[in-house]
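# Fold and contact review
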There are 4 protein chains.
Amino acid sequence: MRLPNYIKDLEEWKSEFSFSTDIKIRFSETDMFGHVNNVSPFIYFEEARTDYFNELQYLLNDSSGSIPIVADLQCDYHKELYFGNTLKLYVKVNSTGNSSLDIHYLGINENDEICLTGRGALVNIDPQTKKAVPLDDRLKEKMLETKSS
Amino acid sequence: MRLPNYIKDLEEWKSEFSFSTDIKIRFSETDMFGHVNNVSPFIYFEEARTDYFNELQYLLNDSSGSIPIVADLQCDYHKELYFGNTLKLYVKVNSTGNSSLDIHYLGINENDEICLTGRGALVNIDPQTKKAVPLDDRLKEKMLETKSS
Amino acid sequence: MRLPNYIKDLEEWKSEFSFSTDIKIRFSETDMFGHVNNVSPFIYFEEARTDYFNELQYLLNDSSGSIPIVADLQCDYHKELYFGNTLKLYVKVNSTGNSSLDIHYLGINENDEICLTGRGALVNIDPQTKKAVPLDDRLKEKMLETKSS
Amino acid sequence: MRLPNYIKDLEEWKSEFSFSTDIKIRFSETDMFGHVNNVSPFIYFEEARTDYFNELQYLLNDSSGSIPIVADLQCDYHKELYFGNTLKLYVKVNSTGNSSLDIHYLGINENDEICLTGRGALVNIDPQTKKAVPLDDRLKEKMLETKSS
């Protein structure tokens with residue numbers, strides 16, 4: 001497997017994930033090539049991310065009114081996915097900034113093969129002013145704890 | 001062609017459309033059966049509808065704050081669509097209520113064949129109270145004019 | 001609740017469903033009106049339908065090579081859905097033809113409220129010739145059994 | 001603007017694009033945050049890519065039977081997009097390998113502001129054996145010509 005530049009040591013990188021969500025691949029997410037379309041993994045990344053945030057009670061529309069928006073996203077497609085495949089999608093916060101999060105993704109099929117890896121930064125902003133809003137320190141600690149656990 | 005119950009006379013029904021929009025079928029909208037997935041025509045209906053509203057200056061978020069929401073939708077798939085097909089999607093307001101619209105759709109491919117027909121009701125509501133809000137009479141007139149022209 | 005014409009008696013109609021699947025509403029399936037977009041329920045209908053077929057071992061690409069394609073689809077939106085809602089989607093075969101199925105749908109939220117109802121016909125075809133292919137009688141029996149159980 | 005690592009000199013990088021396609025942002029591609037969802041730009045990248053291939057007559061299902069599949073994709077979101085925005089999406093082949101292409105993307109709104117940049121590799125494979133298939137030399141030349149013109 002060709003290692004993307006956001007993975008230094010694959011075994012170590014894998015060992016840092018603990019949260020995962022089971023993704024159900026939908027028929028409409030395949031394309032005429034017979035496999036899952038290249039757009040669909042980004043739907044799955046978002047699903048895993050919102051599930052993870054939900055577990056951490058990092059609400060998408062909290063009382064402070066700030067929202068996390070995506071600054072960048074990348075996905076490496078290591079193995080084709082098909083309708084009927086089982087996909088376990090792991091997610092971790094790899095590092096935190098003042099108002100941003102670097103989030104990593106790992107997708108494994110039913111044969112324990114790596115199908116997808118990815119990462120992307122989120123920035124916490126005020127939707128009115130579009131200015132970055134600092135993230136709560138306890139939230140960031142909880143996120144990094146998950147990584148080390 | 002089997003006539004859906006919302007079409008009494010096909011030639012008359014067709015003749016009442018004047019507004020159309022050219023739909024670009026996207027690769028991601030096909031599925032593993034090789035054709036356009038059954039979900040995609042509803043994306044196209046919405047695109048034609050919003051283009052039509054835009055032309056009529058019926059804004060989706062106007063100053064009155066009311067928004068049109070979909071009450072029901074139906075689509076008849078008369079001919080499979082494929083990536084690379086040209087789709088001209090006609091839309092008309094078939095009838096109007098106090099705060100609702102019955103909208104009809106007709107999709108034609110590059111060989112002038114009917115691929116899709118459909119219809120659906122919209123209701124104009126106040127997004128806070130969820131109550132129906134009457135539609136402007138001049139707007140309704142303009143909509144029905146388009147039909148008869 | 002306004003009854004669509006494919007429901008004669010709501011209580012009887014509801015009682016005939018037994019198979020259901022839990023739909024996870026994804027963030028990307030909402031729209032700028034804040035609720036689930038009108039296109040998304042058709043994704044959910046397909047998910048419930050393929051799950052149901054899977055349970056009945058009605059494979060989408062079986063050895064006979066025939067495939068079920070959608071002839072028509074309709075959805076009634078009885079209550080807005082939001083990200084975070086739980087949606088249980090029931091599906092039943094309401095009636096069968098020689099090579100076609102009339103499939104009905106019922107979507108219930110976490111408060112046991114009806115959010116979605118719908119129906120649509122599938123036709124079993126040979127993807128090469130596009131001709132209808134008769135459905136297996138035992139399969140049709142199994143489908144109608146599920147309804148009556 | 002923060003420069004992604006696939007852009008060395010922004011002005012030079014921009015000057016190398018010549019092909020573009022006009023993307024129509026669809027209402028269903030927004031989300032409850034009011035803007036275009038983070039998944040949607042990958043739909044737009046694919047649309048621009050297939051339009052570009054079409055112009056070059058690099059067919060997605062050619063007689064050789066080989067197909068281009070996505071090896072990786074990344075997107076940087078420089079400015080939020082909204083329903084109603086005009087998006088011109090430029091695409092170029094940045095470099096070619098034996099059987100692979102590195103494709104770059106640039107999305108500009110109606111105020112000539114950079115909203116999206118991105119890149120991703122495609123690999124030309126035999127869909128049966130999943131083995132890489134060399135790309136035609138004349139095709140690769142044509143692709144790089146477009147870049148320099």
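Quick look at the structure, then. All values derive from a computational prediction rather than experimental measurement.

Let us look at empty space enclosed by the protein. If you walk through the whole model with that rule in mind, you get one cavity of 30 Å³ or more. Computed from the structure, the largest cavity encloses a volume of approximately 580 Å³. As for the largest cavity, its lining consists of 30 residues, and the residues nearest its centre are Ile43(A), Ile43(B), Ser28(C), Ile43(C) and Ile43(D). Contributing elements (two or more residues each) for the lining of the largest cavity: α2 (40-55) of chain A, α2 (40-55) of chain B, α2 (40-55) of chain C together with α2 (40-55) of chain D. Here the residues of the lining of the largest cavity sort into eight nonpolar, 14 polar and eight charged.

Before going further, it helps to examine the pattern of salt bridges. Taken as a whole and assessed by the stated rule, the structure comprises 56 salt bridges over all chains. A salt bridge links Lys130(B) to Glu80(C); its shortest N-O distance comes to 2.7 Å. Placement of the pair is Lys130(B) in the loop between β5 (114-125) and α3 (137-148) and Glu80(C) in the loop between β2 (67-77) and β3 (86-96), with the two residues belonging to separate chains. Residues Asp137(D) and Lys140(D) are paired through a salt bridge, measuring 3.8 Å at the closest nitrogen-oxygen approach. Here Lys140(D) and Asp137(D) lie together in helix α3 (residues 137-148), a separation of three residues that amounts to about one turn. Note on Lys140(D): relative accessible area 12%, which makes it buried.

Of the transformation superimposing chain A on chain B, the axial component is 0.0 Å and the angular component is 180 degrees, with the fit at an RMSD of 0.0 Å. What the rotation and shift describe, once combined, is the action of a two-fold rotation axis. Minimal C-alpha separation from the rotation axis in chain A is found for Asp31(A), amounting to 1.9 Å. Comparing contact sets, 100% of the residues at the interface of chain A also lie at the interface in chain B, consistent with an isologous, same-surface contact.

This part takes up the interface of chain D and chain A. Contact with chain D, which involves 28 residues of that partner, is made by 28 residues of chain A. For the pair chain D and chain A, the summed buried area comes to about 2,200 Å², and 56% of that belongs to carbon and sulfur atoms. When the buried surface of chain D facing chain A is broken down by residue, Phe33(D), Asn38(D) and Val39(D) rank first, second and third, together holding 23% of it. Along the contact surface separating chain D from chain A lie two salt bridges. The interface formed by chain D and chain A contains 12 residue pairs in polar contact (both at pLDDT 80 or more). Where the side of chain D that touches chain A is concerned, the elements lending two or more residues are α2 and β2 (67-77) of chain D. Element by element, the count of residues in the side of chain D that touches chain A is highest for β2(D), at 11 residues.

Before going further, it helps to spend a moment on the sheet that holds strand β3 (residues 86-96) of chain D. The antiparallel open sheet is built from 10 strands, whose spatial order is β1(A)-β3(A)-β4(A)-β5(A)-β2(A)-β2(D)-β5(D)-β4(D)-β3(D)-β1(D). Two strands lie at the open edges of the sheet, namely β1 (19-24) of chain A together with β1 (19-24) of chain D, each paired on one side alone. The mean angle between the axes of side-by-side strands here comes to 25 degrees, regardless of whether they run parallel or antiparallel. Set on the sheet, α2(A) makes contact with β1, β2 (67-77), β3 (86-96), β4 (100-108) and β5 (114-125) of chain A together with β2 of chain D; between it and β2(A) the angle comes to about 130 degrees.

This paragraph deals with the side chain of Asn109(D). Residues and elements named next belong to chain D. As for its position among the elements, asparagine 109 is in the loop between β4 (100-108) and β5 (114-125). Polar contacts involving the side chain of asparagine 109 include one to the side chain of glutamate 113, which spans 2.9 Å. Setting aside anything within four residues of it in sequence, one finds asparagine 109 in contact with Lys79, Thr86 and Cys115.

Counted by the stated rule, this structure contains 38 aromatic pairs over all chains. Put simply, the rings of Phe42(A), Phe45(A), Tyr105(A), Phe42(D), Phe45(D) and Tyr105(D) touch in pairs and so form one group of aromatic residues. Positioned above the aromatic ring of Phe17(A) is the side chain of Lys92(A), whose terminal nitrogen or guanidinium carbon lies 4.5 Å from the ring centre.

Time to look at unusual backbone geometry. Both trends apply: most residues other than glycine have a negative phi, and most peptide bonds are in trans. Backbone geometry at Lys130(B) places phi at a positive 65 degrees, although glycine is not the residue there. Relative accessible area serves as the criterion here: at 40%, Lys130(B) is assigned to the partly exposed category.

The next subject is the interface of chain A and chain B. Across the contact, 10 residues belong to chain A and 10 residues belong to chain B. Both sides of the chain A and chain B interface together cover about 860 Å² of buried area, and 73% of this is carbon and sulfur. In terms of surface lost to chain B, no three residues of chain A exceed Phe27(A), Ser28(A) and Met32(A), which account for 58% of the buried area on that side. Counting the contacts that link chain A with chain B gives zero salt bridges. Linking chain A with chain B are four residue pairs in polar contact (both at pLDDT 80 or more). A class-by-class count of the residues in the side of chain A that touches chain B yields five nonpolar, four polar and one charged.

The next subject is the sheet that holds strand β4 (residues 100-108) of chain B. The strand order across the open sheet built from 10 strands is β1(B)-β3(B)-β4(B)-β5(B)-β2(B)-β2(C)-β5(C)-β4(C)-β3(C)-β1(C), with neighbouring strands paired in antiparallel fashion. What marks the edges here is a single partner per strand, and that holds for β1 (19-24) of chain B together with β1 (19-24) of chain C. Between one strand axis and the next, the sheet turns by 25 degrees as a mean value, whatever way the strands run. In terms of strand pairing, β2(C) meets strand β5 (residues 114-125) of chain C through 10 bridges, oriented antiparallel. Considered in β5(C), the bridge of Tyr77(C) is made with Leu116(C).

Definitions and cut-offs
Residues numbered from 1 in each chain as written. Chains lettered and ligands numbered in written order. Predicted model: local features only at pLDDT ≥ 70, side-chain atom pairs only at ≥ 80, totals over all residues. Heavy atoms only, no water. 1 Å grid on protein atoms, 1.4 Å probe; cavity = no way out; pocket = protein on both sides within 12 Å on 5 of 7 lines; lining within 4 Å. Points joined across faces, edges and corners; volume = space filled by probe spheres on them. Helix = DSSP H or I, 4+ residues; strand = E, 2+ residues; numbered from the N terminus. Nonpolar A, V, L, I, M, F, W, Y, C, P; charged D, E, K, R; others polar. Salt bridge = Lys/Arg side-chain N within 4 Å of Asp/Glu carboxyl O. Buried < 20%, exposed > 50% of the residue type's maximum accessible area, 1.4 Å probe, protein only. Least-squares fit on C-alpha atoms with pLDDT ≥ 70 in both. Contact = heavy atoms within 4.5 Å. Buried area = accessible area lost by both parts, 1.4 Å probe. Polar contact = N/O pair within 3.5 Å; in protein donor to acceptor, adjacent residues only side chain to side chain. Pairing = 2+ DSSP bridges. Axes fitted to C-alpha atoms, helices over the stretch in contact; angles between N-to-C directions. Phe/Tyr/Trp six-rings, centres within 6.5 Å; stacked < 30°, edge-to-face > 60°. Lys NZ or Arg CZ within 6 Å of the ring centre and 35° of its normal.

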